[in-house]
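Spelled out from the first residue to the last, the chains are:
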Amino acid sequence: MMSRPCPIVFDLDGTLIDSAPDIHACVSAVLRQHHITPLPLPRVRSFIGGGVELLWSRIIAACSIDPVHRPALIAAFMARYHDATALTRMFPSVIEVLGRLADAGHPMGICTNKPMGPTLQVLDHFGLSHLFPVVVGGDTLPQKKPDPAPLRLALERLGTVDGNALFVGDSAFDAHCATAVPVPFLLYSGGYRLSPVAELPHDGVFDHFDALPDLVAETLMARPRSA
Ligand SMILES: O=C(O)COP(=O)(O)O
Ligand SMILES: [Mg+2]
């Protein structure tokens, strides 16, 4: 099925890449440095999606850490996180499907709550940088998703003028951000979502990237260009 090209913006962690093992490893190393027992991977994974500050708020609460240590913990984490790619994997078929969407003429961007430093490192590591001329990170603006500002900036930089665009993500942060913009939202159900699919506003859902090109085409056909 062919789709007319429109800008597509992607979330990163839990959508294109499974980065939780690296984030967990960095968190565990920092906790051990501070003589705190590390948390299991599923617990840390459940804290991902809102950016580094929210991740550490949740860790500090879960481990009953004195908040006075917060700046030192975050600084130690960022020193490890900025180039942590060894345990990260792309989800199946991501590279092939992004290539197909790019070949079909879709301008593509990233809108992530991950800080720009590690975002650019991981895109480079997986050879994805050339596919994304627009990258908005968690520290690009004062606001993070679900605030609509970062996604609006990504869409504006991709030259969206008539609201004819799509956002693809994995979490409640993404779903509510897309609603606030507003822009149609395609939910990848294989990421770090905590809520049931039915509880997240979405225009389409997919559990494997092979299904994304047809879902993009169907979503665009269902919506008139001026919608
Ligand atoms: O790093 C995070 O907490 C979230 O990143 P994401 O917006 O790419 O899911
Ligand atoms: Mg995500």
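The protein appears in an unreviewed UniProt entry as Phosphoglycolate phosphatase from Paracoccus hibiscisoli. Word for word, the UniProt comment on the protein under Catalytic activity (unreviewed entry) is "2-phosphoglycolate + H2O = glycolate + phosphate". According to its UniProt record, the protein has this under Function (unreviewed entry): "Specifically catalyzes the dephosphorylation of 2-phosphoglycolate. Is involved in the dissimilation of the intracellular 2-phosphoglycolate formed during the DNA repair of 3'-phosphoglycolate ends, a major class of DNA lesions induced by oxidative stress."

The feature "active site" (unreviewed entry), as given by UniProt, occupies Asp 11 in the numbering adopted here. For Asp 11, the location among the structural elements is in the loop between β1 (8-10) and β2 (17-18). For Asp 11, a count of 28 C-beta atoms within 10 Å gives the class buried. Those residues within four positions of Asp 11 in sequence are excluded, and the remaining contacts are Cys 111, Thr 112, Val 168, Gly 169, Asp 170 and Asp 174.

Now for the site of ligand 1. Surrounding ligand 1, one finds 13 residues, the nearest of these being Leu 12, Asp 13, Thr 112, Asn 113 and Lys 114. If you count residues domain by domain, the shell around ligand 1 takes at least three from each of domain 1 (8-18 + 88-222) and domain 2 (20-81).

Moving on to helix α9 (residues 212-222). Side chains that are three or four residues apart share a direction in an α-helix, a result of its 3.6 residues per turn. Those residues of α9 lying buried are Leu 212, Leu 215 and Val 216. Relative to the axis of α9, the buried residues are bounded by an arc of 105° and lie together on one face. Turning to α9, the residues buried within the fold contact β1, α5 (94-103), β6 (166-169), β7 (185-188) and β8 (204-206).

Here the focus is the pairing of strand β4 (residues 108-111). Note that β1 and β4 share three bridges and pair parallel. Bridge pairing links Val 9 to Gly 109 in β4. In terms of strand pairing, β4 meets strand β5 (residues 134-136) through three bridges, oriented parallel. Bridge pairing in β5 places Ile 110 opposite Val 135. Crossover connection from β4 via helix α6 (residues 116-125) to parallel β5: handedness right-handed.

About the thresholds
- Residues numbered from 1 in each chain as written.
- Chains lettered and ligands numbered in written order.
- Predicted model: local features only at pLDDT ≥ 70, side-chain atom pairs only at ≥ 80, totals over all residues.
- UniProt positions renumbered as here; feature names shortened; annotations may be inferred.
- Helix = DSSP H or I, 4+ residues; strand = E, 2+ residues; numbered from the N terminus.
- Buried ≥ 20, exposed ≤ 12 C-beta atoms within 10 Å, placed from the backbone.
- Contact = placed C-beta atoms within 7 Å.
- Near = placed C-beta within 6 Å.
- Domains from an automatic or database assignment.
- Arc of directions from axis to C-beta.
- Pairing = 2+ DSSP bridges.
- Right-handed = clockwise from strand over helix to strand, strands pointing away.

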